[in-house]
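Per-entry structural report
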Amino acid sequence: KQTVDTLTLSATPIPRTMHLALMGAKDMSIINSPPHNRLAIKTEVSRFDHELIREVILREMDRGGQVFFVHNRVQSIYGITALLNELVPEATIAVAHGQMHGHQLEKVMLSFMQGKVQVLVCTMIIESGIDMPNANTLIINRADRFGLAQLYQLRGRVGRSDQQAYAYLLIPSMRKMTRDAIKRLQTIQENAELGSGYKIAMRDLEIRGAGNIFGAEQAGFINALGYELYTKIIQETIAEIRLDLQVDENIEFDDGFETKVECDADAYLPEDYVTSQAERVDIYRRLMKAKSSETIAEMRAELIDRFGELPENVQNLIDYVLIKSVARQLRLKKVTIQNGKLAGEFDYASIPQGDQFRPWLGKILAQAPDSFELAQGENELGFVMTLPRIARLTNAKKFLQSML
C-alpha cells in the first residue's frame, strides 16, 4: 500500500510491538488461514523422563521422521547428547550450536537435511529460518526457561508438512519453576491450534507487560510522568493526529474529565472470594479503567462466571464503578454517598446555557424523589437527597442512571 512505509511480519509479536498496535501507533492485520493440509501440533508438558524420551524418539524414527532436541546450554549440551546416546543407541545423533565453527555447523545441518542424522541436539539456533518438513517431533529441555514467543517459534520448526507433529516441553518439579513460567507453559499448551500466534502474543503482553515505547530504556519524560500517564498521552496524541488527517471519522476523543466519588460503604474484593492477589489487582485495574456501562456489566458477568455469586461488598464495588461512569457522563465533578445521603456537584462549565437550561433541569427534577433538593450558589450547582436504608449504592446508581 502506498501509505505504508514499514511492513513488519511476525508469527508472535513481542509485547512492545503488540502494545503499539493496540494503542493505535501501528495498524495491524491478522492472517488466520493456515497452508493447505497443515495439522495443529500436539503439545504436551511433561517431567523429564528417560522412558518418555526414548519412546518419543523411536516413534518418530519408526515413521521415517527426525527429531529436534533443544537444550539451550552449550556447557552441558554434550553431556545431554551422551545421555541420549545411551537411551536411544539405535539413533544417529548430532550436535549443533552457535559456538561451533561455520563449516562444522554447515556440515551437521546438511547431514540432518539429507536424513543421515535422526536426532539433532541443538540450542536456540534453530529458532528461525529452518524449514525441514521431515522433522516432526520437537523435545525442549527445561522449557520453563524459555519465553512465550521463543516457545512458539521453536514449536513452529515442526509440523511443516501434512504429517502430524508433536512438541514435548520437559520441565523440572513445580517447586523449581516461577509463577510466570507456569503461565507461559499453560498458554503454549492451551493454544495449540493453527493461527494461535495472536492469542499467545496477547497473553505474553499480559504476563510481561508492554515494554518501552522508545529505545531500550525508559528515559526522558516517561520516568517523570509514569508509564500509565505516558501511554494515555500517546493515545490522545494519536487520536488527535488521526482526527486531523481524517483517518477515522468515528474516533471518540477522551477529554480527560474525571469524577471524584466518595462513599462510606464497604466496596472491595475479599480474599475468600478472589484468592489470588495478582487476580484481585488485575480485576481492580480493569474495573477502574472501564468507562462504559456495557464493559462493567461484562466484567460483572465474568466475576459471577469465574468466582460465583457476588458478595455484598463486591456488588458495592461494581455499583461504585458504575456510579463513577454514569456521573462522568452527567458531568458531575464530585459525588458523595455518606450518612444515608447522595450529594452531587455539577461541573459548572458543562451545564447547558440559555434556552437549553430549563429542559435539562426539568428532566432531572422529573426523576427526583421528594427528598431531592437543589443546592445553588455563585457558579455552583449541585443537589442532595436521602437514600433508602437498604442497598444505598444500588439506589444511588439507579437515580443517576435515570438522569441520563
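Going along each chain's sequence as written, the residues are numbered from 1 onward. The model is predicted, so local features are restricted to residues of pLDDT at least 70 and side-chain atom pairs to those at 80 or more, both for listing and for counting; the totals for chains, interfaces and linings are taken over all residues. Excluded from the side-chain calculation are hydrogens and water; included are all heavy atoms of the structure.

As a further point, take unusual backbone geometry. For arginine 331, which is not glycine, the phi torsion reads 60° and is therefore positive. Numbering of helices and strands runs from the N terminus; a helix is a DSSP stretch of H or I covering at least four residues, while a strand is a stretch of E covering at least two. If you trace the backbone, arginine 331 turns up in the loop between helix H12 (312-329) and strand S8 (332-338). The backbone of asparagine 339 sits at a positive phi, close to 55°, despite the residue not being glycine. Of note, asparagine 339 is situated in the loop between S8 and strand S9 (341-346). The buried label applies to any residue whose accessible area, calculated with a 1.4 Å probe on protein chains only, is under 20% of its type's maximum; exposed applies above 50%, and partly exposed to all values in between. For asparagine 339, a relative accessible area of 69% gives the class exposed.

To continue, consider the environment of histidine 36. Along the chain, histidine 36 turns up in the loop between helix H1 (15-22) and strand S1 (42-47). Histidine 36 gets classed as exposed once you look at its relative accessible area, which sits at 73%. Taking the C-alpha atoms as reference points, histidine 36 and aspartate 162, separated by 126 residues in sequence, lie 8.4 Å from one another.

Attention now goes to the pairing of strand S6 (residues 166-171). Most of S6 is tucked away, with 6 of its 6 residues classed as buried. Note: S1 against S6, 6 bridges, orientation parallel. Looking across to S6, one finds that lysine 42 is bridged to tyrosine 166. When DSSP finds at least two bridges between two strands, those strands are taken to pair. In this structure, strand S5 (residues 135-140) lies alongside S6, joined through 4 bridges in parallel fashion. Within S6, the position partnered with threonine 137 by the bridge is tyrosine 166. With the strands aimed away from the viewer, a crossover counts as right-handed if its path from the first strand over the helix to the second runs clockwise. Taking the sense of rotation as the criterion, the β-α-β connection linking S5, helix H5 (residues 148-155) and S6 turns out right-handed.

We now examine helix H10 (residues 277-289). The length a helix should cover is 1.5 Å for every residue beyond the first. Taking 1.5 Å as the rise per residue, H10 with 13 residues should run 18 Å; its terminal C-alpha atoms sit 19 Å apart, in good agreement. Residues of H10 that are buried include every one of Arg280, Ile283 and Leu287, and no others. End-on view of H10: buried residues confined to an arc of 65°, all on one side of the axis. Those residues of H10 that are exposed and angled more than 90 degrees off the buried face are Gln277 and Lys289. Residues count as neighbours in contact if any of their non-hydrogen atoms are within 4.5 Å of one another. Buried residues along H10 sit against helix H11 (293-307) and H12. In this description, the arc belongs to the directions extending from the helix axis to the C-beta atoms.

Right, let's talk about the packing of H12 against helix H14 (residues 392-402) for a bit. Axis angles are defined between N-to-C directions and span 0 to 180 degrees, where every axis is a line fitted to C-alpha atoms and, for a helix, only to the segment in contact. Remark: H12 packs on H14, axes separated minimally by 9 Å, with the N-to-C direction vectors making an angle of 25°. With respect to H14, the element H12 is oriented roughly parallel. Every pair of crossing elements has a handedness; the one defined by H12 and H14 is left-handed. Across from Asn316, Asp319, Leu322, Ile323 and Val326 in H12, the residues of H14 making contact are Leu393, Thr394, Ala396, Lys397, Leu400 and Gln401. Under the scheme applied here, ten amino acids are nonpolar (Ala, Val, Leu, Ile, Met, Phe, Trp, Tyr, Cys and Pro), four are charged (Asp, Glu, Lys and Arg), and all others, including Gly, are polar. Its residues placed into classes, the contact of H12 with H14 shows 6 nonpolar, 3 polar and 2 charged. Just so you know how the angles are binned, under 35 degrees is roughly parallel, over 145 roughly antiparallel, 65 to 115 roughly perpendicular, and the rest oblique. In a left-handed crossing the near helix is turned counterclockwise from the far helix by less than a right angle, and in a right-handed crossing that turn is clockwise.

A carboxyl oxygen of Asp or Glu within 4 Å of a side-chain nitrogen of Lys or Arg is what we treat as a salt bridge. The final tally for this structure, using the stated rule, is 11 salt bridges. We note a salt bridge from aspartate 131 to arginine 160, for which the minimum N-O separation is 2.8 Å. Highlighted residues: aspartate 131 in the loop between strand S4 (119-122) and S5 and arginine 160 in the loop between H5 and S6, separated in sequence by 29 residues. For aspartate 131, a relative accessible area of 51% translates into the label exposed. Where glutamate 302 meets arginine 286, a salt bridge forms, and the shortest distance between an N and an O atom there is 2.8 Å. Highlighted residues: glutamate 302 in helix H11 and arginine 286 in helix H10, separated in sequence by 16 residues. Here the salt bridges share partners, and the residues they tie into one network are Glu279, Asp282, Arg286, Glu302 and Arg306.

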